[in-house]
Amino acid sequence: GAVVSQHPSRVICKSGTSVKIECRSLDFQATTMFWYRQFPKQSLMLMATSNEGSKATYEQGVEKDKFLINHASLTLSTLTVTSAHPEDSSFYICSATTNYGYTFGSGTRLTVV
Amino acid sequence: DQQVKQNSPSLSVQEGRISILNCDYTNSMFDYFLWYKKYPAEGPTFLISISSIKDKNEDGRFTVFLNKSAKHLSLHIVPSQPGDSAVYFCAASGGSNYKLTFGKGTLLTVNP
């Protein structure tokens with residue numbers, strides 16, 4: 001089946017620094033990648049949709065200059081949290097659509113201290 | 001504006017009994033519904049789905065029921081097993097895009 005590999009699984013960073021999260025499709029080409037964020041006891045909230053080779057589409061209220069998304073190839077999409085602050089601490093998950101439906105990465109727990 | 005609602009944050013059942021997880025939605029454009037299971041610090045894993053042209057879909061121990069008039073769906077797990085203990089998310093999509101809208105999840109605990 002389709003597998004999305006997401007790294008890192010956990011990251012702790014200092015306030016003001018940037019963090020990059022990678023999602024790779026291992027055995028299929030991910031034309032579209034979705035990025036979600038989940039705060040404790042909340043639902044997964046869609047942040048943005050990225051299509052290979054084009055600019056990401058951000059959901060309302062998501063700062064595109066803060067959450068940089070790059071989808072330069074059919075197998076790799078990255079989310080960079082720039083100038084991270086403690087309120088950015090969350091669980092970030094990517095997802096890709098495949099012939100089998102939606103496949104999710106394993107998530108990244110970001111803690112900004 | 002929560003378009004997909006899971007009003008029960010938690011549910012506890014005895015092993016072997018039936019688990020019923022409920023989900024309500026408000027957006028009439030939703031035409032495809034999915035249930036995901038999620039363990040802590042992991043991504044969701046797909047369980048079962050149903051399209052709006054059906055009212056029931058069954059896969060092994062898992063059955064999803066859809067009541068379009070009530071905008072309600074439910075996931076039945078029978079018999080429940082301790083390994084089913086996890087957070088279950090209901091998700092919906094519709095229209096011309098593939099975006100998923102998730103509920104807040106229900107923590108299911110199956111007691112041995």
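Residues numbered from 1 in each chain as written. Chains lettered and ligands numbered in written order. Predicted model: local features only at pLDDT ≥ 70, side-chain atom pairs only at ≥ 80, totals over all residues. Heavy atoms only, no water.

Caption draft 1: The overall build of chain B, seen in detail. When helices and strands are counted, chain B shows 0 helices and 11 strands. Reading the helices (α) and strands (β) of chain B from amino to carboxyl end gives β-β-β-β-β-β-β-β-β-β-β. Taken against the 2.2 N^0.38 rule, which gives 13 Å for 112 residues, the C-alpha radius of gyration of chain B at 13 Å falls within 12% of a compact globule. Projected onto its principal axes, the C-alpha positions of chain B cover 45 × 30 × 20 Å. Scored against the burial criterion, the 112 residues of chain B give a buried share of 41%. Long-range contacts, defined here as pairs at least 24 residues apart, represent 54% of the contacts in chain B between residues at least 6 apart. Carbon and sulfur atoms form 50% of the exposed surface of chain B, whose accessible area is close to 5500 Å². Distance from the positive charge centre (11 side chains) to the negative charge centre (9 side chains) of chain B: 4 Å. (Helix = DSSP H or I, 4+ residues; strand = E, 2+ residues; numbered from the N terminus. Rg over C-alpha atoms; globule rule 2.2 N^0.38 Å. Buried < 20%, exposed > 50% of the residue type's maximum accessible area, 1.4 Å probe, protein only. Contact = heavy atoms within 4.5 Å. Areas by Shrake-Rupley, 256 points an atom, 1.4 Å probe, with all protein chains shown as cover. Lys, Arg positive; Asp, Glu negative; His and termini not counted. Charge placed at Lys NZ, Arg CZ, Asp CG, Glu CD.)

Caption draft 2: Representation of the packing of aromatic side chains in the model. Evaluated as defined, the whole model comprises 11 aromatic pairs over all chains. Between A:Phe104 and B:Phe102 the ring centres are 5.9 Å apart and the planes differ by 75°, which places this aromatic pair in the edge-to-face class. With one member in each of two chains, A:Phe104 in strand β10 (residues 101-104) and B:Phe102 in strand β10 (residues 101-102) form a pair that bridges those chains. Seen from their ring centres, B:Tyr36 and B:Phe102 are 5.9 Å apart, and the 45° between their planes marks the pair as tilted. (Phe/Tyr/Trp six-rings, centres within 6.5 Å; stacked < 30°, edge-to-face > 60°.)

Caption draft 3: Region of the structure containing the environment of A:Val81. Within the fold, A:Val81 resides in strand β8 (residues 76-81). Separated by 28 residues in sequence, A:Val81 and A:Gly53 place their C-alpha atoms 20 Å apart.

Caption draft 4: Here's a closer look at the sheet that holds strand β3 (residues 19-25) of chain A. Residue and element names in this part refer to chain A. Spatial ordering of the open sheet is given by β1-β3-β8-β7, a layout of 4 strands whose pairing is antiparallel. Edge positions in the sheet fall to β1 (4-7) and β7 (67-73), since each of these pairs with one other strand and no more. If you compare each strand with its neighbour and ignore which way they point, the axes differ by 15° on average. Across 6 bridges, β3 lies against β8 in antiparallel orientation. Paired with Arg24 across the bridge in β8 is Leu76. (Pairing = 2+ DSSP bridges. Axes fitted to C-alpha atoms, helices over the stretch in contact; angles between N-to-C directions.)

Caption draft 5: Local environment of the state of the cysteines. Residues and elements named next belong to chain A. Applying the stated criterion across every chain, the model contains 2 disulfides over all chains. There is a disulfide in this structure between Cys23 and Cys94, and the S-S distance comes to 1.8 Å. Every disulfide takes its handedness from the sign of the S-S torsion; for Cys23 and Cys94 that torsion is -95°, giving left-handed. Residue Cys23 is found in strand β3, and its partner Cys94 is found in strand β9 (residues 90-98); the two are separated by 71 residues along the sequence. (Disulfide = S-S within 2.5 Å.)

Caption draft 6: Representation of the nonpolar core within the structure. Ranked by size, the top nonpolar core spans 25 residues in total, and within it A:Met33, A:Trp35, A:Phe67, A:Leu79, A:Tyr92 and A:Leu110 carry the most contacts. Taken together, the elements giving at least two residues each to this core come down to β2 (10-13), β3, β4 (32-38), β5 (45-51), β7, β8, β9 and β11 (108-112) of chain A. (Core = buried A, V, L, I, M, F, W, Y, C linked by side-chain atoms within 4.5 Å.)

None of this, on its own, says anything about what the molecule does.
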